[in-house]
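Descriptive structure summary
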Amino acid sequence: MDTISNLVMGFGVALTPFTLLLAVVGCFLGTMFGALPGLGPANGVAILIPVAFTMGLDATQSLVLLTSVYYGTMYGGRISSILLNIPGDEPAMMTTLDGFPMARQGRAGDALVISGVASFVGSFLATIGLVVMAPVLASIAYLFGPAEYFALYLLAFCTLGGVASKNQAKAAAAACLGLGIAMIGLDNSTGLPRYTGGNMHLMDGVDFLVAIVGLFAISEIFIFIESHGRNSAIGVTLGKLTIPWQDLKASTGTMLRGTGIGFVAGVLPGAGASLGSFMAYMAEKSILGSRGRFGQGDPRGVAAPEAGNNAAAGGAMVPMLTLGVPGSGTTAVMLALLLTLNITPGPTLFRDQPEVVWGLIASLFIANIVLLVMNVPMVKLFVRVLMIPAWVLLPMVTMISFVGIYSLSGSTFDLLLMVVFGVLGYFLRKLDVPTVPVILGILLGSNMEDSLRRAMVISDGDWTFLFSTPISIGLWIAAIAGFIAPLFLRTVLKKPPVPAMEANED
Amino acid sequence: MASDRIFGLVVAILALAYLAGAFQIQTSFLSDPVGPRVFPMMIAVVGLLCGLAMLWKPDAEPEWPPLPVWMKMALTVVILTLYAYMLAPLGFLIPTALVAAGVSYMIAPQPAKAAITGICLSVGLFVLFKYALGLGLVALPRALMG
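What you see as residue numbers is a count from 1 along each chain, following the sequence as written. As a convention, the first chain written is A and the first ligand written is 1, with the rest following in written order. Whole-chain, interface and lining totals are the exception, using all residues; otherwise, since this is a predicted model, local features are given only for residues with pLDDT of at least 70 and side-chain atom pairs are given and counted only at 80 or more. Hydrogens and water molecules were not included; the side-chain quantities draw on all heavy atoms of the structure.

Turning next to the overall build of chain B. Only runs of H or I of at least four residues qualify as helices and only runs of E of at least two qualify as strands under DSSP, and these elements are numbered from the N terminus. Secondary structure summary: chain B contains six helices and zero strands in total. Reading the helices (α) and strands (β) of chain B from amino to carboxyl end gives α-α-α-α-α-α. The dimensions of chain B, computed from C-alpha atoms along their principal axes, are 55 × 50 × 25 Å. Burial classification: accessible surface area is computed with a 1.4 Å probe over protein chains only, and a residue below 20% of its type maximum counts as buried, one above 50% as exposed, and the rest as partly exposed. Here chain B holds 146 residues, and the buried ones make up 42% of them. Throughout, a residue-residue contact means that at least one pair of heavy atoms, one from each residue, lies within 4.5 Å. Within chain B, contacts between residues separated by at least 24 positions form 58% of all contacts whose residues are at least 6 apart in sequence. Within the structure as shown, chain B displays about 7800 Å² of accessible surface, and the carbon and sulfur contribution to it stands at 77%. Here chain B contributes 7 positive and 5 negative side-chain charges, whose respective centroids are spaced 16 Å apart. A 1.4 Å probe and the Shrake-Rupley method give the accessible areas. Residues count as covered only by the protein chains that appear here. Charged-residue counts in this description rest on Lys and Arg as positive and Asp and Glu as negative, His and the chain ends being excluded. Here the site of a charge means NZ on Lys, CZ on Arg, CG on Asp, or CD on Glu.

In terms of helices and strands, chain A carries 22 helices and two strands. In terms of overall size, chain A behaves like a compact globule, its C-alpha atoms giving a radius of gyration of 22 Å where 506 residues would be expected to give roughly 23 Å. Scored against the burial criterion, the 506 residues of chain A give a buried share of 65%. Here the contacts in chain A between residues at least 6 apart in sequence split such that 81% fall between residues at least 24 apart. Surface exposure of chain A reaches about 17100 Å², of which carbon and sulfur atoms provide 67%. Within these notes, the globule rule equals 2.2 Å times the number of residues to the 0.38 power, and the radius of gyration is based on C-alpha atoms.

What follows is about the confidence of the model for chain B. What pLDDT reports is the predictor's confidence in each residue, on a scale of 0 through 100. Confidence in the prediction for chain B averages 86 pLDDT; 94% of positions are at 70 or higher. Across chain B, helix α2 (residues 38-56) of chain B holds the top mean pLDDT of 91, while helix α6 (residues 142-145) of chain B sits lowest at 62.

Moving on, we come to the pattern of salt bridges. Residues and elements named next belong to chain A. Salt bridges, as used here, are contacts in which a Lys or Arg side-chain nitrogen is within 4 Å of a carboxyl oxygen on Asp or Glu. Under the counting rule described, the total for this entry stands at 13 salt bridges over all chains. Of the charged contacts, one joins D187 and R194 as a salt bridge, the two residues approaching to 3.5 Å between their closest N and O atoms. Accessibility expressed as a relative area gives 2% for D187, which makes it buried. Close ionic contact of D187 with R453 constitutes a salt bridge, the shortest N to O distance being 2.9 Å. Remark: R453 occurs in helix α21 (residues 436-459) and D187 occurs in the loop between β1 (185-186) and β2 (193-194); sequence separation between them is 266 residues.

Attention shifts here to the domain arrangement of chain B. Once the domains are mapped, chain B shows domain 1 (2-56) and domain 2 (67-145). Domain extents, as shown, originate in an automatic or database domain assignment. Each of domain 1 of chain B and domain 2 of chain B was reduced to a C-alpha centroid, and the two centroids are 39 Å apart.

In this complex, chain A contributes 62 residues to the contact, which on the side of chain B involves 63 residues. The residue D59 of chain B makes a salt bridge to K170 of chain A at a minimum N-O spacing of 3.0 Å. For the side of chain A that touches chain B, the leading source of residues is helix α19 (residues 390-409) of chain A, giving 13 residues. The nonpolar class holds Ala, Val, Leu, Ile, Met, Phe, Trp, Tyr, Cys and Pro. Asp, Glu, Lys and Arg form the charged class, and all remaining residues, Gly among them, are polar. For the side of chain A that touches chain B, the residue count by class is 42 nonpolar, 12 polar and eight charged.

Before going further, it helps to spend a moment on helix α9 (residues 208-227) of chain A. Residues and elements named next belong to chain A. Expected helix span is given by 1.5 Å per residue-to-residue step, counting one fewer step than there are residues. In a regular helix each residue adds 1.5 Å, so 20 residues correspond to 28 Å; α9 covers 28 Å between its end C-alpha atoms and thus fits that length. Along α9, the helix axis deviates most sharply at G214, where the bend reaches about 35°. Within α9, 20 of the 20 residues are buried, which leaves it mostly tucked inside the rest of the structure. Its side-chain oxygen at 3.0 Å from the backbone nitrogen of L209, D207 defines the N-terminal cap of α9. Positioned one or two residues after α9, H228 has a phi angle of 55°, which is positive. A residue's bend is the angle separating two fitted axes: one through the seven residues that end there, the other through the seven that start there. As used in this structure description, the phrase polar contact means that two N or O atoms lie within 3.5 Å; if the pair is within protein, one of them must be able to donate a hydrogen and the other to accept it, and residues adjacent in sequence are counted only when both atoms belong to side chains.

Here the focus is the state of the cysteines. Put plainly, a disulfide is one covalent bond tying together the sulfur atoms of two cysteines. Residue and element names in this part refer to chain A. Note that a disulfide, as used here, is simply two cysteine sulfur atoms within 2.5 Å. Counted according to the given criterion, the structure contains zero disulfides over all chains. Among the cysteines around C158, which has no disulfide bond, C176 carries the closest sulfur, lying 11 Å off. Assessed through its relative accessible area of 15%, C158 is described here as buried.

Below, the structure written as C-alpha cells:
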C-alpha cells in the first residue's frame, strides 16, 4: 500500500511538537477569522501568508499553519451564522437558514455542536477523498501537455465566471483585469519589459500577495466604513453545552450525503465551498421533503450545509495540488502560498516533493481533530471573540496587512499598490464584479501564456494544435459549457432568500 | 444602470489602451512563434467585449453611500497612503498608533475609544510581531534610535 506508507511518512513530517503547536495556533486563528463577520477564509489566509513567510517557517511548517487556518475558517463561519444570523463567511450563508431559527428556539448550543460535528465529518471524509483521488488525478495530469494546460486554465476562468457570478461579462472582465496585471513585468522568454511604463518597481511584476491583501483585506475597511460597522457584535448568550445525541444520530445520513455533494462541488474547478453548501442544503431539503422542517430550525438543515462546505474545502485542494489550478478564492490564496514558498503544484509535486504533499495531507487530518476539540467543547471561547467590535477589529486587520506586506518587501511602493488594490476592490465589490477571477488571473496569467506559447512552439505556430487531443477538446467543451450553461440554469435554480451580506468569496 | 455603463466604458477604454500598449511591446528576432504581444492582445480583445457587454446590458444600480461617507473613505485612503510613506522613516509605534486610531474613528466616531484602540494596537502588535514572531521592526524614528 503505497498510499499508507506515504501517509505514515506525512505524519512523520507533521507530527513534531513545533508543527503541532502551529496547527493549534492556526486552527484557533482560523476559527476566529471564520467566526468574525466580514473576515472570510481568503482574507484570513491572505494576511497571514506574509507573516508566516517573514517568520522564516519552512515549507511544511507554513503549510501546516495556513491549511489549519483555512480549515479553521470553514469551521468558524457557522458560529456567527447561528448566533447572529450573519454568515461569518460566504460558505456559511446556508447555515443561517436553520441555524438562527434553532438559536431563537434556545437551541444555539445544540446547533453549534451539530454543525461542529458535521464540519468534522465533512472535512475528515473529504481529506480521505483527497488522499484517494489526488494521486489518481496526478497520474492523469502527467498526460497533460501545454495545449491541455491552456484549456484547463481557460476552464478554471470560465466555470468560475459562470458558476460563481451573476454576470458573465463582469466575471470575464475581472479575469482579464487579473491576466492583464500578470503581464506587467519582464517577459519570460524575451526578457523585455511589458507594461512597466519605465517604472523600476514594476520590472518584477505585481506581487500577487500585495494584490490579494489589498483586494480582500484593505477593501474590507471601506465596506465597514460604509456600513458604520453595523455588522459588528451584538450581545450573545449561550447556555450550557450538551451533546444532542438524538439529533446527531438523526442527521448521520444528512452529513454523509452533504459530504459527498460538497466534495464533488469542491473538486470541480470554479465551484468551491459556497456552491457545495448550497447544493448540499437544497438536495437534503428535496430528499427529506415534508419530513423535514427546513427553514424553521431543523438540525439537519444545519448539518447538511456545514458538511457540504467543509467537504468542498477539502475537495478544492485536489485540483489545486494536482493540477495547480485552484477551484475557489481560498484555494487561489493557498496557491499563492505555495508559489511564495517556491513550490509548484502539479503532478510533479507528488513525485519530486512527496514530503510536502503528504506532510500537508497529514496536517489536514491533524487540523481536523484539533478543530473538532476547539469547536465543540471550547466553542464558548469563540463566542467571546464575536464580541470584538468592528472599530478594534478593522484597524487590527489593517495594521497586520501593512506589517505583513512591509516585512515581505520593505517597499513603500508595494504598500501604496496595496492601498490602490484596496480601493479597486471596494469598487469591484460594489459593482458586483467578483474579485476572485482577478486574483486567479494574476496567479495564473504567466503560466497560461507560457503554456500557449510552448504549445505554439511545439506545433510551429499552428493554432489548431490547441484542439488536437481528446483531453483538450473535452476541456474546451467543458469550459464553454461552464460559461454558458449558468445563463440558462439561473432561471431554473433560484437561490432561496438568505441574509444579505457584503459577500466576499469562499 | 449608470454605474454599470460607466464601468463598462472604463473597461472598454482600458482594454483599448492595453491593446495599443501591446503594439508597443518590443519583440526580438529570437522569439517563439507567438511572441510577447499576442497574449496581451487576446486579453485586451476579451476585455473590450466584456466592456461592451456591460454597456449594452447593465445590471441594476448598486446602492452608493451618501457624500459624507465618501469623504470619510477618501480621508481613509489619504491616511493609509501617509502610513505607507511614514512606516519606513518614522518606525512602527508612532504612525501605527495614529493610523489605527484614525481608521477606528472612521468606522465609529468615538474619539476616546479610537485613541485607546490606536495606542493598544500599536504597542500590542509591536510586541507580538517583534518578540513573538521575530519580525524585524523598528520601534521609533531612525533619528531617535541613533
